Amino acid sequence: MTLSQAKVYGGIGAILALVGGAVPRLGSALSIVGIVLILLAVKEISNETGNEAIFKNYLISFILQIGAFLALIIAIIAVLGTSIIAMGSPRAFEHEMQNFGAIMTIIGSILVGFVIFWIMFSLGSYYLKKSYEMMAEHTGVELFKTTGLLYFIGALTAIILIGLLIIFVARILEIVAYFSLPEELPSKQNSVIV
C-alpha cells in the first residue's frame, strides 16, 4: 500500500470540508463527506507508517471538536427553551425580556456554553496538532506541522474573531499538505534506491 489513496482522500476531503459550508442545501452533506474522507486518509497514513498514535490523536481531536459544537448547541437550546417555558406565553416572554436580570441570566448561560465550546475546541485542536506533527515527521511534508500549529493558534484565538481567519488559512494549507504527500514514505523510497 502506498500513500496515493491517502493523498486523494485527504485532498478531496479537505476541499469538501472547506467549501461545504458555502454550498446551499448540500453544504452539510459535503462537509460530512469531506470529514469522513479525511478520517480515511489519516487512518491510511497511520497504517502505512505503523504509528497508531497518528490516527488516535486525530480521532480524539475529532470527538472533542464534535463535542464542543454539541455542547454549544445544547447550551443555547437549553437556555432558550427553559426561558420560553418558564415565561409561558410570548407576551410574558417579551415582558420578562425587559427585566434586566432575566436578560443577564440568558446571556451568562450562553457565555458559559461558549466557554465550554472554546475549551473543548482548543483541546481538540491540540490533538489535531499532535497528529499532524507526527504525519509531518513520517511523510516529510512539513506543511502538516504548519497546518496543525495554525489550527491550534486559530482555536485559541477563536474567542476573538481573528482566530476564525487563522483556521480558514489552516484549512487551505491542509488541502495543499494532503496533495503534497509523496507516493511512498521517504524511508521506503530511500531503501529502494540503496
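Here the structure is a predicted model, which is why all the values come from computation and not from measurement.

K.L.:
I'd love a proper account of the packing of aromatic side chains, names of residues and values included.
P.N.:
With the rule as written, the count across this model stands at nine aromatic pairs. Note on F69 and F121: the rings are 6.0 Å apart at their centroids and 80 degrees apart in plane angle, and the pair reads as edge-to-face. Taken together, the positions of F69 in helix 3 (residues 52-87) and F121 in helix 5 (residues 100-139) put the pair 52 residues apart, joining distant regions of the chain. On the basis of relative accessible area, F69 is assigned to the partly exposed category, the value being 43%. The exposure class assigned to F121 is buried, which follows from its relative accessible area of 11%. Three or more aromatic residues joined by ring pairs make a cluster, and in this case those are Y58, Y132, F144 and Y178.

K.L.:
Quick rundown of the pattern of salt bridges? Include the residues and the values.
P.N.:
Note that side chains of opposite charge can pair when their charged atoms are close. Per the counting criterion, the structure on display carries three salt bridges. Where E183 meets K7, a salt bridge forms, and the shortest distance between an N and an O atom there is 3.5 Å. Pair noted here: E183 is in the loop between helix 7 (162-179) and helix 8 (186-193) and K7 is in helix 1 (residues 4-19), with a separation of 176 residues, a long-range link. By relative accessible area, E183 is classed as partly exposed at 42%. Here K129 ties to E133 by a salt bridge, and the two come within 2.8 Å at their closest N and O atoms. Residue K129 and its partner E133 are both found in helix 5; the two are separated by four residues, about one turn of the helix. Residue classification places K129 among the buried residues on the basis of a relative accessible area of 14%.

Reading the values: rules and limits
Residues numbered from 1 in each chain as written. Predicted model: local features only at pLDDT ≥ 70, side-chain atom pairs only at ≥ 80, totals over all residues. Heavy atoms only, no water. Phe/Tyr/Trp six-rings, centres within 6.5 Å; stacked < 30°, edge-to-face > 60°. Helix = DSSP H or I, 4+ residues; strand = E, 2+ residues; numbered from the N terminus. Buried < 20%, exposed > 50% of the residue type's maximum accessible area, 1.4 Å probe, protein only. Salt bridge = Lys/Arg side-chain N within 4 Å of Asp/Glu carboxyl O.

Limitation: the analysis is restricted to geometry and does not speak to function.
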